Amino acid sequence: MRFSLTSQTSTDGVTEQSFTLGEITGVLFTPQGATGPRPLILMGHGGGQHKKAPAVLAGAHRFAAEGGFAVAAIDAPNHGDRPKDEQFLQFAGAMRARMAAGEDPAGLVAAMHDLLAGQAVADWQAVLTAVQELGHVGAGPVGYWGVSMGCGLGVPLLAAEPRIRAAVLGLLGVHTLAAPAARVTVPVQFLLQWDDTRVPRDQALALFDALGSTDKTLHANPGDHGGIPAFETDNALRFFARHLGRKLLKE
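Each chain carries its own residue numbering, running from 1 in the direction its sequence is written. With the structure being a predicted model, the display of local features is reserved for residues of pLDDT at least 70 and the display and counting of side-chain atom pairs for 80 or more, all residues being used for whole-chain, interface and lining totals. Water and hydrogen atoms were dropped before computing side-chain values, which therefore reflect all heavy atoms in the structure.

Trainee: Looking at this structure, how should I read unusual backbone geometry?
Mentor: Most peptide bonds take the trans configuration, and most residues that are not glycine carry a negative phi. Phi at Asn78 takes a positive value of approximately 70°, unusual for a residue other than glycine. Runs of H or I in DSSP of at least four residues are treated as helices and runs of E of at least two as strands, each being numbered from the N terminus. Within the secondary structure layout, Asn78 lies in the loop between strand S5 (70-74) and helix H2 (86-100). The phi angle at Ser148 is positive, at roughly 55°, despite the residue not being glycine. Mapping Ser148 onto the fold places it in the loop between strand S6 (142-146) and helix H4 (149-160). When its relative accessible area of 17% is taken as the criterion, Ser148 is described as buried. The buried label applies to any residue whose accessible area, calculated with a 1.4 Å probe on protein chains only, is under 20% of its type's maximum; exposed applies above 50%, and partly exposed to all values in between.

Trainee: Quick question: what am I supposed to make of the sheet that holds strand S4 (residues 40-44) here?
Mentor: What holds strands together in a sheet is hydrogen bonding between their backbones, with the strands either parallel or antiparallel. Whether two strands pair comes down to DSSP finding at least two bridges between them. Overall, mixed pairing links the nine strands, which are arranged S1-S2-S3-S5-S4-S6-S7-S8-S9 in an open sheet. Looking at which strands have only one partner, the edges of the open sheet turn out to be strand S1 (3-11) and strand S9 (216-221). For this sheet, the mean inter-axis angle between neighbouring strands, taken without regard to orientation, is 20°. The sheet contact formed by S4 and S6 spans five bridges and is parallel. Paired with Leu42 across the two strands is Tyr144, which belongs to S6. Contact definition: two residues touch when any of their heavy atoms are within 4.5 Å. Only C-alpha atoms enter the line fits that serve as axes; for helices the fit covers just the stretch in contact. Angles between N-to-C directions range over 0 to 180 degrees. Contacting S4, S6 and strand S7 (164-170), H4 runs over the sheet at an angle of about 155° to S7.

In structure tokens form, the structure reads like this:
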């Protein structure tokens, strides 16, 4: 697959470079004027979102500006600027109907993640290889950040990809992830919203328990699914700086 940088903009000290790799669409965030190698963080978005969803954009800018990290975000299969296939559209429609009826969509969510995971893992591995060939990224240590669907696709990635050294995960239940979670051995910071109406608390705690990492920390906060406190980005910055060997530019 051919890797192409397609556009570039800079805002508030962070440069955004859009790219394509085959049919994969993504964006690379780096400190403005960055030269030389640096740690890389991969950021996975939530279901129905895209590579520049607000949470991804805000986190990527802080990771680049305050941590000096490179950050790569891509559209997951069937999301963002990528084509949607019929099977995915059927899953998405069934989930919306189940949620509108007040039913628990967790089983369908897990099935959709399973549908996307194989391609998503291959996509991330290809993007990781391509981006690390850039001079202002290089083959340094790698982290992963992803909650909700970003966690559902991230756990199989962590189980399969030895280049990733640390991860922030969460907002998801165990369901079909027990086996790949057991193969995750890198340090993990796991986010849980105590009043999450989408993810039963016991299922989220079971996923945390299933992770094979001996170095894992549970961060539980009050609030619903989308209510992660802003200070968890501060925690993520310190977590990645510690495990990827980077001194923060702003303390």
